[in-house]
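Spelled out, the chains give:
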Amino acid sequence: MATLTSQDSTAQARVYFQTPPGTEDTEVVQKQGRVTVKYDRKELRKRLNLEEWIIEQLTDLYDCEEEEIPELEIDVDELLDMPTDGDRASRVKVLLVDCYKPTDAFVTALLEKVKGLQKLSTPPKKNEKSPP
């Protein structure tokens with residue numbers, strides 16, 4: 001719950017967050033920790049590194065800051081679902097159609113990086129069995 005207070009008109013407003021009654025800080029931390037355990041941490045780290053690399057490359061390709069990169073979504077799982085590298089390359093090139101710089105080096109490097117990744121899926125719930 002957030003509470004907004006202002007003591008006088010010259011002071012800036014402050015927002016204070018209150019922990020709901022009966023909830024301890026350790027309980028919240030434990031719940032957050034369980035989420036990442038369900039996924040392979042190493043794979044999540046690879047994904048994060050890839051995402052950071054993509055953002056860095058796009059800022060270079062579009063000659064802009066991260067916030068100014070055109071709205072485009074490179075979905076790694078979608079690329080992994082495609083049967084061939086040619087299909088993957090075509091999809092990425094379609095996404096980068098507005099880029100005025102050559103994108104072939106980026107596409108080639110991206111496809112190399114994607115090869116080492118596994119498709120992430122939501123882990124099955126405790127009552128469900130994973131597919132064979």
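Residues numbered from 1 in each chain as written. Predicted model: local features only at pLDDT ≥ 70, side-chain atom pairs only at ≥ 80, totals over all residues. Heavy atoms only, no water.

Naming follows an unreviewed UniProt entry, where the chain appears as Protein phosphatase 1, regulatory (Inhibitor) subunit 14Ba of Salmo salar.

**Concerning the overall build of the chain**
Each helix and strand in the chain was counted, giving five helices and two strands. For the chain, the sequential pattern of α-helices and β-strands runs β-β-α-α-α-α-α. Looking at the chain residue by residue over its 132 residues, the buried ones come to 22%. If you take every contact in the chain between residues at least 6 apart in sequence, the share linking residues at least 24 apart comes to 54%. Looking at the chain as shown, the accessible area adds up to about 10,600 Å², and 51% of this sits on carbon and sulfur atoms. (Helix = DSSP H or I, 4+ residues; strand = E, 2+ residues; numbered from the N terminus. Buried < 20%, exposed > 50% of the residue type's maximum accessible area, 1.4 Å probe, protein only. Contact = heavy atoms within 4.5 Å. Areas by Shrake-Rupley, 256 points an atom, 1.4 Å probe, with all protein chains shown as cover.)

**Notes on the layout of surface pockets**
The volume enclosed by the largest pocket comes to roughly 320 Å³. Surrounding the largest pocket, 15 residues form its lining, Glu51, Ile54, Ile55, Ile74 and Val76 being those nearest its centre. Broken down by class, the residue content of the lining of the largest pocket amounts to eleven nonpolar, no polar and four charged. (1 Å grid on protein atoms, 1.4 Å probe; cavity = no way out; pocket = protein on both sides within 12 Å on 5 of 7 lines; lining within 4 Å. Points joined across faces, edges and corners; volume = space filled by probe spheres on them. Nonpolar A, V, L, I, M, F, W, Y, C, P; charged D, E, K, R; others polar.)

**Some thoughts on the packing of helix α2 (residues 41-61) against helix α5 (residues 104-115)**
The geometry of α2 relative to α5 is characterised by a closest axis approach of 12 Å and an angle of 180 degrees between their N-to-C directions. Taken together, the axes of α2 and α5 lie roughly antiparallel to each other. Contacts between α2 and α5 involve Leu50, Trp53, Ile54, Gln57, Leu58 and Leu61 on the former and, on the latter, Phe106, Ala109, Leu110, Lys113 and Val114. For the contact of α2 with α5, a count of residues per class yields nine nonpolar, one polar and one charged. (Axes fitted to C-alpha atoms, helices over the stretch in contact; angles between N-to-C directions. Parallel < 35°, antiparallel > 145°, perpendicular 65-115°, else oblique.)

**A word on helix α4 (residues 85-95)**
Three or more residues of α4 are buried, namely Arg88, Ala89, Val92 and Leu95. All buried residues of α4 fall inside an arc of 120 degrees around its axis, so they share one side. The inward-facing, buried residues of α4 contact α3 (76-81) and α5. (Arc of directions from axis to C-beta.)

**Looking at the nonpolar core**
With 23 residues, the main nonpolar core has Leu50, Ile54, Leu58, Leu96, Phe106 and Leu110 as its most contacted residues. Among the secondary structure elements, those contributing two or more residues to this core are α2, α3, α4 and α5. Here leucine 58 is in contact with Ile69, Leu72, Leu96 and Phe106, once residues within four sequence places are set aside. (Core = buried A, V, L, I, M, F, W, Y, C linked by side-chain atoms within 4.5 Å.)

**Looking at α2**
A rise of 1.5 Å per residue sets the reference length of α2, with its 21 residues, at 30 Å; its end C-alpha atoms lie 30 Å apart and thus fit the reference within 8%. All of the buried residues along α2 are Glu43, Arg47, Leu50, Trp53, Ile54, Leu58, Thr59 and Leu61. Its buried side turned inward, α2 meets α3 and α5. Phi turns positive one or two residues past the end of α2, at aspartate 63, with a value near 50 degrees. (Expected span 1.5 Å × (residues − 1).)

**Observations regarding the pattern of salt bridges**
Under the counting rule described, the total for this entry stands at seven salt bridges. The residue glutamate 112 makes a salt bridge to lysine 115 at a minimum N-O spacing of 3.3 Å. Pair noted here: glutamate 112 and lysine 115 are both in helix α5, with a separation of three residues, about one helical turn. Note on accessibility: glutamate 112 and lysine 115 belong to one class, exposed. (Salt bridge = Lys/Arg side-chain N within 4 Å of Asp/Glu carboxyl O.)

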